[in-house]
Amino acid sequence: QVQLVESGGGLVQPGGSLSLSCAASGTIFKVNIMGWYRGQAPGKQRELVATITRSGITTYADSLKGRFTISRDNAKNTMYLQMNSLKPEDTAVYYCNANLALSYYSGARDYWGQGTQVTVSS
């Protein structure tokens, strides 16, 4: 059974920084693209924050470029998100997503973490 576990969320003042982690655990053959998404209310569509391929190619939401940095450690099946100069509008639940295969013979599919709350407020 595969699990994606996010950590590092919390309360921070405007202008502050937070670092999130997402660790994939279980019987995993290969982790392909990973990404962070965020949602601000139940039932609303999650917004793309950033993605990173296995080889390290990154993409970001245009509004977040320069403030957020995504990275990963393939040996640990772990992804990170460094968030700087945080704004109140960054407040959301941040979700980890990973496209991964459980074995050489199985197809890859998307998995989601349960999310971690980030609140930016004074």
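This text follows the structure it describes.
Keep in mind that what you see is a predicted model, and the values were worked out from it rather than measured.

## Things to note about the pattern of salt bridges
Link 1 in the chain: According to the stated counting rule, one finds four salt bridges in the structure shown.
Link 2 in the chain: Of the charged contacts, one joins glutamate 47 and arginine 38 as a salt bridge, the two residues approaching to 2.8 Å between their closest N and O atoms.
Link 3 in the chain: For the salt bridge of aspartate 62 with lysine 65, the shortest nitrogen-to-oxygen distance reads 3.3 Å. Like aspartate 62, the residue lysine 65 is exposed in the burial classification.
Link 4 in the chain: A single salt-bridge network, built from bridges that share partners, covers Arg38, Glu47, Arg67 and Asp90.

## What about the packing of aromatic side chains?
Link 1 in the chain: Tallying each qualifying case throughout the model produces three aromatic pairs.
Link 2 in the chain: Between phenylalanine 29 and tyrosine 104, the ring centres sit 5.9 Å apart and the planes meet at 90°, which makes this aromatic pair edge-to-face. Taken as a pair, phenylalanine 29 in the loop between strand 3 (18–25) and strand 4 (30–39) and tyrosine 104 in the loop between strand 9 (92–101) and strand 10 (109–112) lie far apart in primary sequence, 75 residues in all.
Link 3 in the chain: Of the residues examined, phenylalanine 29 reaches a relative accessible area of 46% and is grouped as partly exposed.

## A look at the nonpolar core
Link 1 in the chain: Core analysis: the largest hydrophobic core is formed by 31 residues, its most contacted members being Trp36, Leu81, Met83 and Tyr94.
Link 2 in the chain: Those elements that place two or more of their residues in this core are strand 3, strand 4, strand 5 (47–52), strand 7 (68–73), strand 8 (78–83), strand 9 and strand 11 (116–120).
Link 3 in the chain: Ranked by residue count, the leading element in this core is strand 9, at five residues.

Conventions used here
Residues numbered from 1 in each chain as written. Predicted model: local features only at pLDDT ≥ 70, side-chain atom pairs only at ≥ 80, totals over all residues. Heavy atoms only, no water. Salt bridge = Lys/Arg side-chain N within 4 Å of Asp/Glu carboxyl O. Buried < 20%, exposed > 50% of the residue type's maximum accessible area, 1.4 Å probe, protein only. Phe/Tyr/Trp six-rings, centres within 6.5 Å; stacked < 30°, edge-to-face > 60°. Helix = DSSP H or I, 4+ residues; strand = E, 2+ residues; numbered from the N terminus. Core = buried A, V, L, I, M, F, W, Y, C linked by side-chain atoms within 4.5 Å.

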